Amino acid sequence: VMTYNGEVPVGQVVIWKDGNGNVLAQGSTYSFYANSNVTISATVEASAPAVPTASIGMFSYDATDNKVTVVNNFYVPDGKTVTEAGVILSTKNSTREALIAQTNGKFEGDESQFTTDKNQIRISVSRTANTSFTMYALAYVVASDGQTYYAPTVQSITYTVKNS
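Residues numbered from 1 in each chain as written. Predicted model: local features only at pLDDT ≥ 70, side-chain atom pairs only at ≥ 80, totals over all residues. Heavy atoms only, no water.

### Details of the overall build of the protein chain
Within the protein chain, the regular secondary structure consists of one helix and 13 strands. Scaling as 2.2 N^0.38, a compact globule of 164 residues should have a C-alpha radius of gyration of about 15 Å, and the protein chain matches this with 17 Å. Counting only C-alpha atoms, the protein chain reaches 60 × 35 × 25 Å along its principal axes. Sequence separation of at least 24 residues holds for 64% of the intrachain contacts in the protein chain that already meet a minimum separation of 6. (Helix = DSSP H or I, 4+ residues; strand = E, 2+ residues; numbered from the N terminus. Rg over C-alpha atoms; globule rule 2.2 N^0.38 Å. Contact = heavy atoms within 4.5 Å.)

### Considering the confidence of the model for the protein chain
Residues of the protein chain with pLDDT of at least 70 account for 91%, and the chain-wide mean is 84. Of all secondary-structure elements in the protein chain, the lowest mean pLDDT belongs to strand S3 (residues 23-26), at 79, while helix H1 (residues 96-101) reaches the highest, 94. (pLDDT = per-residue confidence, 0-100.)

### Examining the nonpolar core
Core analysis: the largest hydrophobic core is formed by 32 residues, its most contacted members being Phe 59, Phe 74, Leu 89 and Val 141. Those elements giving two or more residues to this core turn out to be strand S6 (53-62), strand S7 (67-75), strand S8 (82-90), strand S10 (120-126), strand S11 (133-143) and strand S13 (155-159). For this core, the element with the highest residue contribution is S11, accounting for ten residues. Ignoring any residue separated from it by four or fewer positions in sequence, one finds Val 141 in contact with Pro 52, Thr 53, Ala 54, Phe 74, Val 76, Val 82, Glu 84, Ala 85, Gln 147, Thr 148 and Tyr 149. (Core = buried A, V, L, I, M, F, W, Y, C linked by side-chain atoms within 4.5 Å. Buried < 20%, exposed > 50% of the residue type's maximum accessible area, 1.4 Å probe, protein only.)

### Quick look at the pairing of S11
Across the eleven residues of S11, ten count as buried, placing the element largely inside the fold. The pairing of S8 with S11 spans eight bridges and is antiparallel. Residue pairing in the sheet places Ala 85 in a bridge with Val 141 of S11. As defined by bridge partners, S11 adjoins S13 across five bridges and the pair is classed as antiparallel. Across the sheet, residue Met 135 finds its bridge partner in S13, namely Ile 157. Pairing of S11 with strand S12 (residues 148-150), which is carried by three bridges, proceeds in the antiparallel orientation. Looking across to S12, one finds that Val 141 is bridged to Tyr 149. (Pairing = 2+ DSSP bridges.)

Set out below in structure tokens:
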């Protein structure tokens, strides 16, 4: 959990962003999952973004458990709620457009899987790796307006099978 202790002038809000400038949350505190070094900053701004955002906060493969784990950090402005959040995974499609267009590999979650601050969802998918692979992930969030908002960038991980 991170807490912003600075002064926030009337009419302004604390905005939490990742190292790429993606909005993660608003408010004086922000809690999140991480399994590697992450850059998160808090700024005081005149207003929060008007549209929802989504981004990959963590993406890893555990060969012991044969699990791919992805955390989608999302933000939904006041007045809207999240109806669904998730990730699209592929070992073939590496572009944002191709991932959006594909008909399988979509892993979604509902409110029961959101973190307590309702700004993240953690999704684990079984994946046995007998050969090396690169996997691509695109985060998305569906807001109460019925529109799907996709992350601006695709994230990837590469797993290399070690020779015994």
